[in-house]
Amino acid sequence: MPPVYLDHAATTPLDPAVFDAMEPYLRAHFGNPSSVHALGRRARVAVEESRERVATCLGATPAEVVFTSGGTEADNLAIRGAMEAGRQHLITSAAEHEAVLRPAEALRDAGASVQILEPAAAGAVTPEQVETALAADGVDPARTLVSLMHANNEVGTLTDIEAIAEICHARGAVLHTDAVQTAGLLALDVDDLGVDMLSLSGHKFYGPKGVGALVVRGGVELSAQVRGGSQERDRRGGTENVAALVGLAAALERATDEAEARAAHLRTLQRRLIAGLRDALANGMFVLNTPDPDAASGPTAAPHIVSVAFPPHDGRALDGEMLLLNLDMDGVCASAGSACTSGALSPSHVLLACGLDRPTASAAVRFSLGKDTTAADVDRAAEALGGIAERMRG
Ligand code: PLP
C-alpha cells in the first residue's frame, strides 16, 4: 500500500499540468530575460506574463509583485527591507515562522527596536494586542512595521488580518503578512485583507520549490536585500528563474480557480480527521492544538491542518519523534511541527507559544491535508495514531 501523505503544510507534489507549463522554459526557451535577442525577449515575456497572472490572482498590480526564491526570502525582504528603508520599530509574534522570527531577532541583536508579542490564543495575536502595542510609550506607529502570519503553519490558527490592517492603517503602521500557508489555499485578495506586504511560496500549492513572491503595495518603501542586477525593479537582483516563475503563476491560477472547492473538501476531511482521532484515542489522552472548526466561538483555523499533542500520562511523556517514526512505519507521513523544526529535539516554539508545557509540546503530531487527500487517508491516519499512542503508553 502506498504511504498516505499528510504533510502538505511542509510541501505539496508538483501538479503535472504545472510541470507541463514549465518544461518549455527548461528546454527550448532558455534565454536570459535581460538579453535583447529573440530568446531573451521570449523569456522576458514569460516572466512578465507570470507576474501579471500572479498579480491578478491576488488583486494586486504587476508592479507590486516581487519574485523571490520562496517564502523565506519573501519574509526576509519584507522585514529587513522595510526596516532598512526607514521603519524604526518592528512588532511581530512568538508564533511566527522562523523566516520572520530569525530576521526579527537579528535586527533586535543589532540594536533595532523589536517587540515580540506572546499570542493570546492558539498561536494568534489579537487585534487588541496590536492596538495596545502600537499605543505603547516610545512606539511611533507611523514608523512601525507589523508582521503577523495569516495562518500558523503548525496549528493552522488564522490571524484576523483584516481587523489588524484597519488598526495599523488608522495609525500609519505598515502591515506585512506571511501568507505562505494560505496563498493558493484560500482565494486571497490584498485589498480585502488590507495588507501592505504579503509573502507566498510556490511549493505549498502544487508549484515548484525555490520560488515565491512578496507583494509590496504601492508607496511601501523597501530596500533590496539581494543586490546585483536591476531585476524586479531594483528590489531583488539576480537572473530570474523563468521556468519556476511560469510554474508559480500556473499553480497559483489553478489554485485560485479551484480555491472554493478545495477548501470545502479540506474542511470536510479536517472534521473527519478530528472525529476519527476522538474515536481512536481515549478521552483526555490528547489535546487538539488546532482550533476546532465546530467551536461556537474563539479562534478559527485554516482547513488543512490538524495538530494534536499528548500530555504526559502517569508522569511519563510520549516521545514525539517515536510517534512520527511509528506513523512512518505504518505508512503515514506526518510532521511534528514545521518541517524546519522536525528532527530537532527541542519542542516547537509555536506550541510553547500556544501555552503547551514542554513535555506535551514535545509529543505533538501535525497532519496537513491536500487537495487529493481522501476520506480513507484520514481514517487510516487516525486509526494508526490511535494504535501507536496506545502501544507507546504501554
Ligand atoms: N512561512 C511559513 C508560514 C511557512 O510555512 C514556510 C514553510 O514551511 C515558510 C514561511 C518558508 O517558505 P519556503 O519554504 O518557501 O522558504
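These numbers were taken from a predicted model, which means no experiment stands behind them.

Cut-offs applied
- Residues numbered from 1 in each chain as written.
- Predicted model: local features only at pLDDT ≥ 70, side-chain atom pairs only at ≥ 80, totals over all residues.
- Heavy atoms only, no water.
- Patch = residues over 30% accessible without salt bridge, like charges linked within 9 Å, V, L, I, M, F, W, Y side chains within 5 Å.
- Areas by Shrake-Rupley, 256 points an atom, 1.4 Å probe, with all protein chains shown as cover.
- Salt bridge = Lys/Arg side-chain N within 4 Å of Asp/Glu carboxyl O.
- Lys, Arg positive; Asp, Glu negative; His and termini not counted.
- Charge placed at Lys NZ, Arg CZ, Asp CG, Glu CD.
- Helix = DSSP H or I, 4+ residues; strand = E, 2+ residues; numbered from the N terminus.
- Buried < 20%, exposed > 50% of the residue type's maximum accessible area, 1.4 Å probe, protein only.
- Expected span 1.5 Å × (residues − 1).
- Contact = heavy atoms within 4.5 Å.
- Pairing = 2+ DSSP bridges.
- Axes fitted to C-alpha atoms, helices over the stretch in contact; angles between N-to-C directions.
- Near = heavy atom within 4 Å.
- Polar contact = N/O pair within 3.5 Å; in protein donor to acceptor, adjacent residues only side chain to side chain.
- Nonpolar A, V, L, I, M, F, W, Y, C, P; charged D, E, K, R; others polar.
- Parallel < 35°, antiparallel > 145°, perpendicular 65-115°, else oblique.
- Left-handed = near helix turned anticlockwise from the far one by under 90°.
- Core = buried A, V, L, I, M, F, W, Y, C linked by side-chain atoms within 4.5 Å.

Residues Glu128, Asp160, Glu162 and Asp192 make up a contiguous surface patch of negative charge. Tracing the sequence through the fold places Glu128 in helix α5 (residues 127–135). You can call Glu128 exposed: its relative accessible area is 51%.

Attention now goes to a nonpolar patch on the surface. The grouping of Leu14, Phe19 and Leu26 at the surface amounts to a nonpolar patch, some 260 Å² of accessible area in total. Assessed through its relative accessible area of 36%, Leu14 is described here as partly exposed.

Another point: helix α4 (residues 98–109). Here α4 contains twelve residues, and its C-alpha end-to-end distance of 16 Å stays within 8% of the 16 Å for a straight helix at 1.5 Å per residue. The set of residues buried in α4 consists of Glu98, Ala99, Val100, Leu101, Pro103, Ala104 and Leu107. Check the buried side of α4 and you find it contacts α3 (71–84), β3 (89–93), β4 (113–117), β5 (144–147), β6 (174–178) and α12 (349–353).

For the rest of this paragraph, the subject is the sheet that holds strand β12 (residues 364–368). Ordered in space as β9-β10-β12, the three strands form an open sheet in which the pairing is antiparallel. Looking along the sheet, the strands with just one partner apiece sit at the ends: β9 (287–288) and β12. By the bridge criterion, five bridges tie strand β10 (residues 305–309) to β12 in an arrangement that is antiparallel. Counted as the bridge partner of Ser307 is Arg366 from β12. Packing against the sheet, helix α10 (residues 259–280) makes contact with β9, β10 and β12, and its axis sits at approximately 20° to β10.

Okay, the pairing of strand β7 (residues 197–201) next. Look at any regular strand and the pattern is simple: side chains alternate between the two faces of the sheet. In terms of burial, β7 is a largely internal element, five of the five residues being buried. Residues Met197, Ser199 and Ser201 line one face of β7 and the alternating positions Leu198 and Leu200 line the opposite face, and both faces are buried. Of the strand pairs in this sheet, β6 and β7 are connected by three bridges, and their pairing is parallel. By the bridge assignment, His176 is partnered in β7 with Met197. Where β7 meets strand β8 (residues 212–216), five bridges bridge the pair, whose relative direction is antiparallel. Along β8, the bridge assignment pairs Ser201 with Gly212.

Take the site of the ligand next. Around the ligand, 13 residues are found, and the nearest of them are Gly71, Thr72, Asp178, Ser201 and Lys204. The contact in question runs from an oxygen atom of the ligand to an N or O atom on the side chain of Thr72, over 2.6 Å. Between Ser201 and the ligand, the recorded distance is 2.6 Å, taken from a side-chain N or O atom to an oxygen atom. Here the shell around the ligand gets three residues from one element, more than from any other, and that element is α3. Each residue belonging to the shell around the ligand can be placed in one class, and the counts come to two nonpolar, eight polar and three charged.

This part covers the packing of α3 against α4. Contact geometry for α3 and α4: axes closest at 8 Å, N-to-C directions at 30°. With respect to each other, α3 and α4 are oriented roughly parallel. Crossing of α3 against α4: the hand is right-handed. Packed against α3, whose contacting residues are Thr72, Asp75, Asn76, Ile79, Arg80 and Met83, the element α4 presents Ala99, Val100, Pro103, Ala106 and Leu107 at the interface. The residue inventory of the contact of α3 with α4, partitioned by class, reads seven nonpolar, two polar and two charged.

A few words now on the nonpolar core. Within the largest apolar cluster, 51 residues are counted, with the highest numbers of intra-cluster contacts made by Val130, Val146 and Leu198. With eleven residues, helix α9 (residues 242–257) is the single largest residue contributor to this core. Discounting residues that sit within four places of it in the chain, Val146 has contacts with Ile91, Val130, Leu134, Cys168, Ala173, Val174, Leu175 and His176. Judged by nonpolar contacts, the second largest core, of 34 residues, contains Leu269, Leu277, Phe286 and Ala334.

Attention shifts here to helix α2 (residues 38–58). With 21 residues, α2 ought to run about 30 Å at 1.5 Å a step, and its terminal C-alpha atoms sit 31 Å apart, in line with that. Looking one or two residues beyond α2, the residue adopting positive phi is Gly59, at roughly 70°.

If you check the backbone angles, Asp234 has positive phi at about 70° while not being a glycine. Accessibility expressed as a relative area gives 54% for Asp234, which makes it exposed.

Moving on: the side chain of Thr373. By secondary structure assignment, the location of Thr373 is in the loop between β12 and α14 (375–393). Residue Thr373 is classed as buried on the basis of its relative accessible area, which comes to 4%. A polar contact of 2.8 Å, which involves the side chain of Thr373, links it to the backbone nitrogen of Gly370. Those residues in contact with Thr373 that sit more than four places away from it in its chain are Tyr5, Leu6, His8, His265, Leu269 and Val378.

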